[in-house]
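Structure assessment
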Amino acid sequence: MPAVTDLIDRLESDAAADRAAEATPDVGIIMGSDSDLDTMQGAFDALDALGFAEQTDHADPPAGRFSYESYVVSAHRTPDLMYAYAETAAERGLDVIVAGAGGKSADLPNMTASIAFPVPVIGVPVQEKSVDSVIGMPTGAPITAVDAGKSYNAALSAAQILAREYPEVRDRLEALHDERREGVGDVSASLHDLGVRGFREREE
């Protein structure tokens, strides 16, 4: 496993590579600890559903046009890594960052937003007690945030930002929205037509 200094060197090297937008990740997903991974899984699920690919090697982009990357970045245990990640975000091609953190001192999203500005950051409080910390930014230091645990929505919001520039992402968002809408219709019709007992038996 690479040390923190190696990760910082990697980020700075990727920033200096000056690759085309098509070859760099569009969305960065970071979390304060790997214990946050289950909560942040929703962000990966949303982007996967929209056809984004995960990019694990900056020098070897996936075949798809749109991609995301993921890192563990602790604001308290690895502040130098957090600074490097945020400072190089734009140069590495990121258009938006989804940042999740838990605990009462969930500082990763708002610190990242301050350092990476004007790259937009969408904060995900991993726990209810993290909400105030994530959204508590002073005037002039913006951050967007979702409710506790709603990383799926955070990734959809990231895609909405990209959709303003890329019609393909907009089309994928609309298709996913329509699919979810029709899913509600199917469930509603089944509940009505089968009755509660029949519907529950179908679910078993």
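Residues numbered from 1 in each chain as written. Predicted model: local features only at pLDDT ≥ 70, side-chain atom pairs only at ≥ 80, totals over all residues. Heavy atoms only, no water.

1. Re helix H2 (residues 37-49)
Side chains three or four residues apart in an α-helix point the same way, a direct result of the helix having 3.6 residues per turn. Test applied: Put simply, DSSP H or I for four residues or longer makes a helix, DSSP E for two residues or longer makes a strand, and each gets a number counted from the N terminus. The length a helix should cover is 1.5 Å for every residue beyond the first. Partly exposed describes any residue whose relative accessible area lies between the buried limit of under 20% and the exposed limit of over 50%, with all areas from a 1.4 Å probe on protein chains only and scaled to the type maximum. Here a residue-residue contact requires only that any non-hydrogen atoms of the pair lie within 4.5 Å.
Here H2 is 13 residues long and its end C-alpha atoms lie 18 Å apart, about the 18 Å a rise of 1.5 Å per residue gives. Of the positions making up H2, those classed as buried are Met-40, Gly-42, Ala-43, Phe-44, Ala-46 and Leu-47. Each element contacted by the buried residues of H2 is listed here: strand E1 (27-31), strand E3 (67-72), strand E4 (96-101), strand E5 (121-125) and helix H6 (151-163). At the exit of H2 stands Gly-51, carrying a positive phi of roughly 85 degrees.

2. Regarding the nonpolar core
This is how it is decided: To form a nonpolar core, buried Ala, Val, Leu, Ile, Met, Phe, Trp, Tyr and Cys residues must be joined to one another through side-chain atoms within 4.5 Å. For the purposes of this description, domain bounds are those given by an automatic or database domain assignment.
Val-27, Ile-29, Phe-52, Val-98 and Val-169 are the most contacted members of the largest nonpolar core, which totals 28 residues. Residue assignment for this core shows that the elements contributing at least two residues are E1, H2, E4, E5, H6 and helix H7 (167-203). Considering each element in turn, this core owes the most residues, seven residues, to H6. The residue makeup of this core includes at least three contributed by each of domain 1 (4-165) and domain 2 (167-203). Beyond its immediate sequence surroundings of up to four residues, Val-169 is in contact with Phe-52, Phe-66, Ala-159, Leu-162 and Ala-163. Counting residues in each nonpolar core, the second largest holds 27 residues, with Val-73, Leu-81, Ala-84 and Ala-141 among its members.

3. A word on the pattern of salt bridges
Should the charged atoms of two oppositely charged side chains come close, the side chains can pair. Which entries qualify depends on this criterion: For salt bridges, the criterion is a side-chain nitrogen of Lys or Arg within 4 Å of an Asp or Glu carboxyl oxygen.
For the coordinates displayed, the defined rule picks out five salt bridges. With a shortest N-O distance of 2.8 Å, Glu-69 and Arg-92 are connected by a salt bridge. Separated by 23 residues along the polypeptide, Glu-69 in strand E3 and Arg-92 in the loop between helix H3 (79-87) and E4 bring together distant segments of the chain. Among the ionic pairs, Glu-168 bridges to Arg-172, the shortest N-O distance being 2.4 Å. In this pair, Glu-168 and Arg-172 both sit in helix H7, four residues apart, roughly one turn of the helix. The partly exposed category is assigned to Glu-168, whose relative accessible area is 39%. Given the relative accessible area of 23%, Arg-172 is considered partly exposed.

4. Notes on the packing of helix H1 (residues 4-16) against H3
Convention followed: Fitted lines through C-alpha atoms give the axes, limited to the stretch in contact for helices. The angle between two N-to-C directions lies from 0 to 180 degrees. The cut-offs work like this: below 35 degrees is roughly parallel, past 145 is roughly antiparallel, 65 to 115 is roughly perpendicular, and the gaps in between are oblique. In this classification, the charged set is Asp, Glu, Lys and Arg, the nonpolar set is Ala, Val, Leu, Ile, Met, Phe, Trp, Tyr, Cys and Pro, and all remaining amino acids, among them Gly, are polar.
Direction vectors running N to C along H1 and H3 enclose 10 degrees, while the axes themselves pass 9 Å from each other. For the element pair H1 / H3, the angle class is roughly parallel. Residue-level contacts link Val-4, Leu-7, Ile-8 and Leu-11 of H1 to Asp-80, Leu-81, Ala-84 and Tyr-85 of H3. Looking at the contact of H1 with H3, its residues break down into seven nonpolar, no polar and one charged.

5. Quick word on the UniProt feature "binding site: substrate" (unreviewed entry) in the protein chain
This is how the line gets drawn: UniProt positions are given in the numbering used here, feature names are shortened, and annotations may be inferred rather than shown by experiment. Pairs of N or O atoms are called polar contacts if they sit within 3.5 Å, as long as, within protein, a hydrogen donor faces a hydrogen acceptor (for residues adjacent in sequence, only side-chain-to-side-chain pairs).
According to UniProt, the feature "binding site: substrate" (unreviewed entry) maps to Ser-33, Asp-36 and Arg-77 in the numbering used here. Topologically, Ser-33 is positioned in the loop between E1 and H2. The contacts of Ser-33, once residues within four sequence positions are left out, are Val-72 and Arg-77. Its location among the elements puts Asp-36 in the loop between E1 and H2. Sequence-distant contacts of Asp-36, defined by excluding residues within four places in its chain, comprise Met-31, Gly-100, Ala-101, Gly-102 and Val-126. Separated by 3.4 Å, the side chain of Asp-36 and the backbone nitrogen of Gly-32 make a polar contact.

6. Brief notes about the pairing of E5
Cut-off, in case you're wondering: In this analysis, strands are considered paired if DSSP registers two or more bridges between them. Handedness of a crossover: with both strands directed away from the viewer, a clockwise path from the first strand across the helix to the second marks it as right-handed.
Counting buried positions along E5 gives five out of five residues, so the element sits mostly inside the fold. Burial along E5 is two-sided: the residues Val-121, Gly-123 and Pro-125 and Ile-122 and Val-124 are all buried. As judged from the five bridges shared by E4 and E5, these two strands associate in the parallel manner. By the bridge assignment, Ala-99 is partnered in E5 with Gly-123. As for the winding sense of the linkage, the β-α-β connection from E4 through helix H4 (residues 108-116) to E5 is right-handed. Bridge count between E5 and strand E6 (residues 144-145): two bridges; the pairing is parallel.

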